[in-house]
Amino acid sequence: MSQNAALTATIGRRGRACGLVLAAVLAAGCSATSPNPPSSLSSGVPGSAVASPVASSTGDAAAFTTGAIAFQSERDGNSEIYVVHAGGELLNLTHNPAADSQPAWSPDGTQIAFASDRDGNPEIYVMKSDGSATTRLTDSPAGEGFPAWSPDGTQIAFVSDRDGNAEIYVVKTDGSAVTRLTDDPNNDFAPIWSPDGARIGFDRDEDGVNFEIFAMSADGSGEVQLTDDPASDQSPTWSPDGSQLAFFSDRDGNFEIYAMDANGGDVIRLTDDPADDVSPAWSPDGSQLAMVSTRDGNEEIYVMNADGSGAVRLTDDPADDGDPTWAADTTP
Ligand SMILES: [Ca+2]
Ligand SMILES: [Ca+2]
Ligand SMILES: [Ca+2]
Ligand SMILES: [Ca+2]
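Note that the structure is predicted; figures quoted are calculated from it, not measured.

Draft legend 1. Quick look at the overall build of the protein. The secondary structure content of the protein amounts to 1 helix and 25 strands. Each of the 332 residues in the protein was classed as buried or not, and the buried ones make up 53%. Across the protein, contacts joining residues at least 24 apart in sequence account for 44% of those joining residues at least 6 apart.

Here it is in structure tokens:
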């Protein structure tokens, strides 16, 4: 299950019961409701790394009207990266029997970084946003995942357990200058840059149950804890104007989407549903949020107003759909 003998202990969960070891989290992606089995590189039909996108069904294509949403889905038998343009078709960008997950747009929308174990263990890859020209960014026997692009387009933050536990790193987009930003015995996940590039938010697994949200300067200094709640507070994401962070938490008994001021104050709950609501992602204009919810029976992507009202289901597939991320302009 884990390619890294240094990390055999249970290190926590992403969402309610996701991924017991980092390699599984990174390889299979984070599921809010069920731990995904590790992918098998020997199963499935070998696919082309650069294939023509193929359209498949969506839920409500009119759920959003600007930009494009990328996400991961198991609908074609293994985890792939998909993109759906406003009002358009849903396209499979990866077509690879390995587990391709955790898409992250470049700031100009022309590229998507993602995690994949296609070369034997989880690494970070970059492709054009039409699925072509895939290149590998990292090369380590450890597990790498959770890519996030800097707003100036020059760096990608990611998570690796190469130094013994999950820490946040940055690398230039040419693969050079890998730098570790965190150094903490707890596992750090889900880095995300502030829109001005000055700060990086992330979550820290305090004990396998209690995650907290932190932010630090882009050089790793000035770490500040933003949440302080015994519940699992995860996956921060900055509003486009930098004033707020959305995240998900089970502090009110089940997973809901919340937003708080960028300094951790004024927490407000945006969803109120007995199902799991996780993985928020802001629209480029800040007026909407994409999220994942199980309210219709399995993990689907939804789009709602930034105040939590008007949730509309974007996907409609019995397979798990997760990790949405939203870009303004996606012309390669
Ligand atoms: Ca795949
Ligand atoms: Ca917490
Ligand atoms: Ca809920
Ligand atoms: Ca689904």
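Draft legend 2. Spotlight on the nonpolar core. Residues Ile69, Ala70, Tyr82, Ala113, Ile156, Ala157 and Ala290 are the most contacted members of the largest nonpolar core, which totals 73 residues. Each residue touching tyrosine 82, except ones within four places of it in the same chain, is listed here: Ala70, Phe71, Ser73, Leu90, Leu91, Asn92 and Leu93.

Draft legend 3. Layout of the sheet that holds strand E13 (residues 187–193). An order of E13-E14-E15-E16 is seen for the 4 strands of this open sheet, with the pairing classed as antiparallel. Among the strands making up the open sheet, the edge pair consists of E13 and strand E16 (224–225). Note that strand E15 (residues 211–217) and E16 share 2 bridges and pair antiparallel. Residue pairing across strands places alanine 215 opposite valine 224, the latter belonging to E16.

Draft legend 4. Main features of the pairing of strand E2 (residues 68–73). Here E2 lies mainly inside the structure; 6 of its 6 residues are buried. The side-chain alternation of E2 yields two buried faces, one formed by Ala68, Ala70 and Gln72 and the other by Ile69, Phe71 and Ser73. Relative to strand E3 (residues 80–85), E2 is paired through 6 bridges, and the arrangement is antiparallel. Bridge pairing in E3 links alanine 68 to histidine 85.

Reading the values: the criteria
Residues numbered from 1 in each chain as written. Chains lettered and ligands numbered in written order. Predicted model: local features only at pLDDT ≥ 70, side-chain atom pairs only at ≥ 80, totals over all residues. Helix = DSSP H or I, 4+ residues; strand = E, 2+ residues; numbered from the N terminus. Buried ≥ 20, exposed ≤ 12 C-beta atoms within 10 Å, placed from the backbone. Contact = placed C-beta atoms within 7 Å. Core = buried A, V, L, I, M, F, W, Y, C linked by C-beta atoms within 7 Å. Pairing = 2+ DSSP bridges.

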